[in-house]
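Descriptive structure summary
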Amino acid sequence: MRVLLLGSGAREHALAWKLAQSPNLKWLCSAPGNPGTEGHNMPVTLNDADQVQRLAGEIEPDLIVVGPEAPLVAGLADQLMGMGFPVFGPTAAAARIEGSKAFAKEVMQQAGVPTAEARVFDSVEEAVSHARSLGNVVVKADGLAAGKGVVVAKGADEAEAAVRSLAALGPAGKRLLLEELLEGEEVSVIALCDGERYVLLPPAQDHKRVGDGDTGPNTGGMGAYSPVPFLDEAALRWTGEHVIGPTLSELSRRGTPFRGALYAGLMLTRGGPRVLEFNCRFGDPETQVLVLQLEEDLLPLLDECARGRLEPRPLRFRPGASVGVVLAAAGYPGAPRTGDPIEGLEEVGPKVRVFHGGTRREGVRLVTAGGRVLTVCASGQSLAAARERAYSGVARIRFPGSHHRRDIGARALGYRP
Ligand code: AMP
Ligand code: GLY
């Protein structure tokens, strides 16, 4: 099969690495890709649908995989499907599950999916007065906000400030949600879906705050590990039956079936799992560790989903665990500094896998080109062994301003069910 993989992050490098192992792969084109996928990259601007359509028309792939959410929410999958290509990635109508938090909430309520209670506001002043009355509340912008659309507020003044700052985001903040503040471990569950049926990947846990011990501002994700001891196999199956299945049925009933990776961000509360959000795509950095865990050929799975012919089955995963640590650029999660030379990649050893995110070639040098520069990953017989290996790789890689979390997977180490 000939595959066109759209995106340029570490998530897409990880998918490309996994797809390249498939005996069914004839060639792979990463567009635009990054230095990690060098050799099969094609330049393209993903938010220019005409350009992407032209590229697809030229290379005529058997399957197109779309990585990031923004082009999906904007309807790229619809356009490519319109040209007759099988696409792994939802239509704009189904991608609204990520593109509008109010829509996602409505789908969940209709489908009986356990989620935090929330109210939707179109008026800033009404939202302010309700937020002040709640005090402790989570304020969310309805639309896509590149990870900047959620504020967890403690107390009336913070709640009001959160409403006002999200309302000032622009179109994403025109509508706001005020949501019940939940507590517990956060877990990501990703299902590969064909519109009706699904297969589950094992749970992964991201680390969203920039600093150790979950301190500092939110980021796109500073590291992940899988599997997660807080969500055992029975609970994962429960999540399939009570979260993924009903959501797919509801979207299908509405005439907008979901094909692609449906990502449920869960909070494991004392009262059971609750959905905090849905994403319409693979997680980053969750995918980097999930591809290391997956022992099966990913290509037929994505292809079956894209064609609406998925054979539901339990998937095989390696025993033990995988860990991925994000090396971030100076300034991240604010405006990252770019152009810093990266060294030591060749010193990490054969058991460490480094996925490129924000990197760029400058002549023969590799330099930083974005916030989340690299995800340094490793597997092991145990979470402890995987961590040790991943952090040994982290210690080898150097660039000015580099920072990372030292506690990826640490909380799970001492956990006894
Ligand atoms: P989201 O973009 O919806 O995943 O939200 C970003 C982060 O905000 C999540 O990863 C959680 O850490 C936090 N968050 C979102 N919703 C809630 C909630 N209802 N209660 C507590 N924390 C939340
Ligand atoms: N890791 C969080 C996300 O992909 O949205």
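So, how was this worked out
Throughout, a residue's number is its position along its own chain's written sequence, starting from 1. For naming, the first written chain is A and the first written ligand is 1, with later ones following in the order written. Local features in this predicted model are restricted to residues of pLDDT 70 or higher, and side-chain atom pairs are both shown and tallied only at a pLDDT of 80 or more, whereas totals for entire chains, interfaces and linings draw on every residue. As a rule here, side-chain values cover all heavy atoms of the structure and leave hydrogens and water aside. Numbering of helices and strands starts at the N terminus; helices are DSSP runs of H or I of at least 4 residues and strands are runs of E of at least 2. Each radius of gyration is computed over the set of C-alpha atoms, and the globule rule expresses the reference value as 2.2 Å times the number of residues to the power 0.38. In this analysis, two residues are considered to be in contact whenever any of their non-hydrogen atoms come within 4.5 Å of each other. Any residue with at least one heavy atom within 4 Å of a molecule or strand is counted as near it. The term polar contact refers here to a pair of N or O atoms within 3.5 Å; inside protein, the definition further demands a hydrogen-donor-capable atom paired with an acceptor-capable atom, and it admits residues adjacent in sequence only when both atoms are side-chain atoms. Here the Shrake-Rupley method, with its probe set to 1.4 Å, supplies the accessible areas, and only the displayed protein chains count as covering residues. By the convention adopted, Pro, Cys, Tyr, Trp, Phe, Met, Ile, Leu, Val and Ala count as nonpolar, Lys, Arg, Asp and Glu as charged, and the other residues, Gly among them, as polar. Residue types Ala, Val, Leu, Ile, Met, Phe, Trp, Tyr and Cys, when buried and joined through side-chain atoms within 4.5 Å, form a set referred to as a nonpolar core. Burial status follows relative accessibility: with a 1.4 Å probe on protein chains alone, a residue under 20% of its type maximum counts as buried, one over 50% as exposed, and anything between as partly exposed.

1. Focus on the overall build of the chain
The helix and strand tally for the chain stands at 13 helices and 21 strands. Taken over the C-alpha trace, the chain has a radius of gyration of 20 Å; the compact-globule value for 417 residues is 22 Å, and the two agree within 12%. Oriented by its inertia axes, the alpha-carbon framework of the chain measures out at about 55 × 45 × 40 Å. Within the chain, contacts between residues at least 6 apart in sequence are counted, and of these 69% link residues at least 24 apart.

2. Points about the site of ligand 2
In the region of ligand 2, the neighbouring residues are Asp206, Lys208, Gly220, Tyr263, Asn279, Arg281, Gly283, Asp284, Pro285 and Glu286. A distance of 2.8 Å separates an oxygen atom of ligand 2 from a polar side-chain atom of Arg281. Glu286 has a polar side-chain atom sitting 2.8 Å from a nitrogen atom of ligand 2. Burial of ligand 2 by the surrounding chains reaches 90%, relative to a free accessible area of 200 Å². Classifying every residue of the shell around ligand 2 gives 2 nonpolar, 3 polar and 5 charged.

3. Here's the deal with the nonpolar core
The nonpolar side chains of soluble globular proteins are, as a tendency, buried together. Core analysis: the largest hydrophobic core is formed by 73 residues, its most contacted members being Leu4, Leu6, Ile64, Ile97 and Phe258. What Phe258 contacts, discounting residues up to four positions off in sequence, is Pro90, Ala94, Ile97, Cys193, Asp194, Gly195, Leu248, Leu251 and Cys280. Core analysis: the second largest hydrophobic core is formed by 34 residues, Val3, Leu28, Leu298 and Cys377 among them.

4. Some details on the site of ligand 1
Of all residues adjacent to ligand 1, which total 14 residues, the nearest are Glu179, Glu180, Leu182, Glu186 and Glu277. Here Leu182 contributes a backbone N or O atom positioned 2.9 Å from a nitrogen atom of ligand 1. The side chain of Glu277 places a nitrogen or oxygen atom 2.8 Å from an oxygen atom of ligand 1. Notes on ligand 1: free accessible area 470 Å², of which the protein chains cover 88%. Looking at the shell around ligand 1, the elements with two or more residues in it are β6 (137-141) and β16 (272-279). The residue inventory of the shell around ligand 1, partitioned by class, reads 7 nonpolar, no polar and 7 charged.

5. Examining unusual backbone geometry
Pro32 follows Ala31 through a cis peptide bond whose omega is -5°. For Pro32, the location among the structural elements is in strand β2 (residues 27-32). In this structure, Pro333 follows Tyr332 across a cis peptide bond, with omega equal to 10°. Looking at the element boundaries, Pro333 is found in the loop between β17 (321-328) and β18 (352-356). One non-glycine residue, Glu60, adopts positive backbone phi at about 45°. Note that Glu60 resides in the loop between α2 (49-59) and β3 (63-66). Among the residues examined, Glu60 registers a relative accessible area of 48% and is labelled partly exposed. Of note in the backbone geometry, Asp214 takes a positive phi value of approximately 55° without being a glycine. Considering the arrangement of structural elements, one finds Asp214 in the loop between β12 (209-211) and β13 (215-218).

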